[in-house]
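# Chains, contacts and geometry: an overview
Spelled out from the first residue to the last, the chains are:
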Amino acid sequence: MRSAPAGNPSGPVLGIETSCDETAGAVLAPDGRVLAEVLLSQEEHTTYGGVVPEIAARAHLAHLPRLVREVLDRAAIAAKDLAGVAASSGPGLIGGLIVGSGFAKGLALARGLPFVAVNHLEAHALTARLPGLFDPPVAFPYLLLLVSGGHCQLVEALSVGRYRRLGGTIDDAVGEAFDKVAKLLGLGWPGGPQLERLAAHGDPVRLALPRPMRGRAGCDFSFSGLKTAVAQLVAAYPAGPLPERDAADIAASFQRAVAEVLADRAANAMQAFAHRHGSGALVIAGGVAANAAVRGALERIAESHGFRLLAPPVRLCTDNAVMVAWAGIERLRLGWADGLDRAPRPRWPLDAADMLPAAGV
Ligand code: KG4
Ligand code: ZN
């Protein structure tokens, strides 16, 4: 079943994000101005030390209708005056994806609006193109380093819908490694921001931790060995909380190791990119892009390769609905909308054939 036909959006677009543990809605004008944004980080998971999929889905179901009403009210727009509805439709936790994309389809059907099934990774990838963010605005092609709780990959962004994956993690995602190491250090969840705060007081060169994959050809990553090395360090202490000084030194040493590995892998990607397109922009996205040590290391390596490092503000790097609405606008402008029978996909790589309309619409 088709949704209303797409076209250059003449009015605002509603974006909905429910792929993990953020329930979020945003209304964007066709020129990318944020008219309203509401974001709810589910706290239901804190006691479990990680996202519980079933709880996440139920929380999306409980909060999303009210949240969409609120964001439309704040934007002072009626649903019938929207130019489209875009929802994260994968990859992610299937329960949340069903809730968000089902809600978006229902609204699109009821109001005769085009529906856009947004690939969550593409939404991260296209955030840097949001008007007003960078001067000059980032143009295709560019290099993307996506570093989040569920993803760690280097990708060439060639145009909307066209991506070349250069490499990715062979085990843990980098945010997952931050979260696991934070847990080993007795920190709460999500661990990345807390680990960064602890690391600020630590000595990053005190402990010799491995740099997995550093110096190897290609753009793949591995973090499980690094995490295991930290686990072994921690296991050498008697049970109970670690001495504060040691915990801070471990955190700082781990963070330094991650930053160096990311920079090393990004260097290979920049070389491959420059070979094909010349030097350009290295865009970072995902929650780990909030980390100052990671940003610093990437800034230095980008500069030494003649690339411009573009790091969107933190609130746009972590999961949000502004990026989903913007991805919707980018697609609608090309005349791309999706059928209402389009099923959400828990796995949906950026280079999948159905990222382009010929196969998907
Ligand atoms: O992109 P995101 O909000 O959600 C997805 O995973 O899609 O990323 C969340 C991840 C978590 O693993 C969190 O610990 C990590 O990003 N993170 C950080 C920092 N802030 C968030 N990791 C290191 N340093 C930070 N400041
Ligand atoms: Zn994400």
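Below or above, wherever it landed, is the structure these notes cover.

Parameters at a glance
- Residues numbered from 1 in each chain as written.
- Chains lettered and ligands numbered in written order.
- Predicted model: local features only at pLDDT ≥ 70, side-chain atom pairs only at ≥ 80, totals over all residues.
- Heavy atoms only, no water.
- Pairing = 2+ DSSP bridges.
- Helix = DSSP H or I, 4+ residues; strand = E, 2+ residues; numbered from the N terminus.
- Axes fitted to C-alpha atoms, helices over the stretch in contact; angles between N-to-C directions.
- Disulfide = S-S within 2.5 Å.
- Buried < 20%, exposed > 50% of the residue type's maximum accessible area, 1.4 Å probe, protein only.
- Donors = N, O, S within 2.8 Å, 3.2 Å for Na, K, Ca; no water.

By definition, the strands of a sheet pair up through backbone hydrogen bonds, in either a parallel or an antiparallel sense. Taking strand neighbours across the sheet as the criterion, the 5 strands line up as β8-β7-β6-β9-β10 in an open arrangement whose pairing is mixed. In the strand order of this sheet, the two ends are held by β8 (162-168) and β10 (308-310), each with one partner. Going from strand to strand, the sheet's axes swing by 25° on average, the running direction of each strand aside. Pairing between strand β6 (residues 142-147) and strand β9 (residues 281-285): 4 bridges, direction parallel.

Enumeration over the complete set of coordinates arrives at 0 disulfides. No disulfide involves Cys152; its nearest neighbouring cysteine sulfur is the one of Cys219, lying 11 Å away. Owing to a relative accessible area of 6%, Cys219 belongs among the buried residues under this scheme.

Only His120 (NE2), His124 (NE2) and Asp319 (OD) from the protein reach the zinc ion (ligand 2) as donors, at distances of 2.1 to 2.2 Å. Read in sequence order, the donor residues coordinating the zinc ion (ligand 2) give the pattern H-x3-H-x194-D. Placement of the pair is His120 in helix α3 (residues 120-126) and Asp319 in the loop between α9 (314-317) and α10 (322-333), with a sequence separation of 199 residues. By the burial criterion, His120 is buried, and Asp319 matches it.

Where the residue is not glycine, phi is negative for most of them; where a peptide bond is considered, it is trans in most cases. Residues Gly90 and Pro91 are joined by a peptide bond in cis, for which omega reads -15°. Looking at the secondary structure, you find Pro91 in the loop between β4 (84-88) and α2 (94-111). That bond from Phe140 to Pro141 is cis: its omega, -10°, falls within 30 degrees of zero. Here Pro141 lies in the loop between α3 and β6. Despite not being glycine, Met213 has its phi angle at roughly 75°, a positive value. When you line up the elements, Met213 lands in the loop between α5 (191-199) and α6 (224-235).

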